[in-house]
Amino acid sequence: MRKQSIWSAGLGSVLVVGLFGSTASAQLTDIVNAPNPIDAGIGKGLADQIGAGVGDVLTPGSSAFIIARDPFRSIRRGRQLFQRKFRVAEGMGSRTGDGVGDISLDGSIGAGLADSCAACHARPFGSAGFGSNVFTRPKSRDAPHLFGLGLQEMLADEITGDLRAIRDAAMHQALMSGSTLVASLTSKGIDYGSITAFSDGTVDTSSVEGVDQDLRVRPFFAQGATISMREFIVGAFNAEMGLETFDPLLEAASTGADVVTRAGMVLSGSMDVIEAPPVHSVFEDADLDGVANELDPALVDHMEFYLLNYFKPGLGQQTRTTRQGRRIFRSIGCGECHIANLTIDHDRRVADVETAFDVANSNVVYNRLFATATPLNDSISDMSIYATLKPPLGGSFQVKNIFTDFKRHDLGPAFHELNFDGSVQTEFITEPLWGVGSTPPYGHDGRSNSLTEVILRHGGDAAAASQAFADLPQTRKDRVLAFLRTLVLFSPEDTSSNLNPADPSDPGFPFVAQGSISLTPLFNDPTEGE
């Protein structure tokens, strides 16, 4: 039984499949290699998902073509790649050095060997959520959830651009005026300290706060280490799954070139240090497992585009108690670092999904949330024989309830982290709080069992706010905690939406999860199944 789309021309229905998926589980085999009577699993083998490779917008079946003309298909393919259980014959394994080597020089030696991204990021069910911890530090690291990852990349990149523009303008003004100039570094209302520009063209960055002196915001990993999702994806495939990618884009950027990914991210090798891919040609077999060219860059394109457009966390039921808790959260100083809302100037996504408590429209069997999906793409003819190009509209977008400042802070000895080489990591980027109501245990190391414990664990830059929370009467503490528990993750498969409402009259309800109805015929190319 198919549910009717709210949009014409099938676009809304394509969103159902692209964003919510027709088969969504923590991990999936494909029915080519693991057939079964009910066709549970991914409909395409890996070779079919690679298709025509990277290609271009005039090469049918290529990642460039699909992202440009059928973007929701690319999102769906990325989702299935995220859930795919890779096989040894496809190059899965071994982990770095087969677990042998100086771990103080390469922490990925301690990373676990997984056969899918969902092995580490799968909670709640069927989501790109949180998971177990890995031995990449002596006290391990927790695998974070990936909700809203694309929004974080875009915000961090725009902040970087703002800070560097301030620096460059100050340097130019100091040079032209022959005088010394102090410039405040502020972006999106966040204070990153200041720089001093001198008339000889040099600049003093010693007063920069929360970011490196190159003013690049690195939003990924707890210590703020990685610039882009693409670096994160290629690195994780290698370190966690033993799948080596020769990615020409990362190869070029890591050697000084400026490139743009199919997801629209500018990797500026002329300005930033970009992480190189693990192998430098399609013939290199660095892990000596007998398989070269293990992961085609077309697959990286789809994965990056999927994560760019992935859901942001949801907002649970708001009550007088939770609204009071939010106000108390701000009043005791937590909001100084955990800033609620930030605005993107140029949104690279093709869709947004807003998920909130709505008992009247939800699938109440699994959760009481309702997702409202909105397309953010244009449709432009390029006079070719193919479907129209569907680029993002590129407008501004307010990111609500993210609760971060994209700055590194020293949170005191209780958060300090010992590295394998004996050094101590003392600063960590402010963790976005969206989803925090669903993701215990807490802290980058998962060593705090509850929200109360992780708040009281804060010291250093957050000592005053932590003490203010400790001094609250228990009733006011409870209101803060009630508010934080409304910042939730969700199972996409089990969350109803304006595209695919819950239908208790459906004979399959609730076991046929909402959002799981296959609408493949409404893709731009209805002959190509997924």
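Reference entry: report on the structure contained in this document. (Residues numbered from 1 in each chain as written. Predicted model: local features only at pLDDT ≥ 70, side-chain atom pairs only at ≥ 80, totals over all residues. Heavy atoms only, no water.)

**A short note on the pairing of strand β4 (residues 190-197)**
And then number 1: For β4, the buried fraction is high: seven of the eight residues fall into the buried class.
And then number 2: Of the strand pairs in this sheet, strand β3 (residues 181-187) and β4 are connected by six bridges, and their pairing is antiparallel. Looking across to β4, one finds that S187 is bridged to I190.
And then number 3: Linking two consecutive strands that pair antiparallel, namely β3 and β4, is a turn of two residues; a positive phi of about 55° is found at K188 within it.
And then number 4: Direction of pairing for β4 relative to strand β5 (residues 203-204): antiparallel, over a ladder of two bridges. Residue pairing across strands places A197 opposite V203, the latter belonging to β5.
And then number 5: Hairpin geometry of β4 and β5 is characterised by an intervening segment of five residues between the two adjacent antiparallel strands and by a positive phi of about 90° at G201. (Buried < 20%, exposed > 50% of the residue type's maximum accessible area, 1.4 Å probe, protein only. Helix = DSSP H or I, 4+ residues; strand = E, 2+ residues; numbered from the N terminus. Pairing = 2+ DSSP bridges.)

**Notes on unusual backbone geometry**
And then number 1: With an omega of 0°, the peptide bond running from R123 to P124 counts as cis.
And then number 2: On the secondary structure map, P124 appears in the loop between α4 (71-83) and β1 (133-134).
And then number 3: The peptide bond linking P440 to P441 adopts the cis configuration, its omega dihedral lying at -5°.
And then number 4: Relative to the helices and strands, P441 resides in the loop between β16 (427-429) and α10 (451-457).

**Remarks on a positive patch on the surface**
And then number 1: Taken together, the side chains of R320, R323, R327 and R330 define a basic patch exposed on the protein surface.
And then number 2: Here R323 falls in the partly exposed class, since its relative accessible area comes to 43%. (Patch = residues over 30% accessible without salt bridge, like charges linked within 9 Å, V, L, I, M, F, W, Y side chains within 5 Å. Areas by Shrake-Rupley, 256 points an atom, 1.4 Å probe, with all protein chains shown as cover. Salt bridge = Lys/Arg side-chain N within 4 Å of Asp/Glu carboxyl O. Lys, Arg positive; Asp, Glu negative; His and termini not counted. Charge placed at Lys NZ, Arg CZ, Asp CG, Glu CD.)

**Considering empty space enclosed by the protein**
In this approach the atoms are scanned with a rolling probe the size of a water molecule, which exposes any empty space left behind.
And then number 1: Using the criterion set out here, one finds four cavities of 30 Å³ or more in the structure.
And then number 2: Every residue lining the largest cavity is listed: K312, P313, G314, L315, E354, T355, K400, N401 and W434.
And then number 3: Of all the secondary structure elements, the ones that give two or more residues to the lining of the largest cavity are β8 (314-315) and β10 (351-357).
And then number 4: Residue composition of the lining of the largest cavity, by class: three nonpolar, three polar and three charged.
And then number 5: Approximately 50 Å³ is the volume found for the second largest cavity.
And then number 6: Lining the second largest cavity are ten residues, and of these N309, Y310, F311, K312 and V353 lie nearest its centre.
And then number 7: No other element matches the three residues that β10 contributes to the lining of the second largest cavity. (1 Å grid on protein atoms, 1.4 Å probe; cavity = no way out; pocket = protein on both sides within 12 Å on 5 of 7 lines; lining within 4 Å. Points joined across faces, edges and corners; volume = space filled by probe spheres on them. Nonpolar A, V, L, I, M, F, W, Y, C, P; charged D, E, K, R; others polar.)

These values are about where atoms sit, not about what they do.
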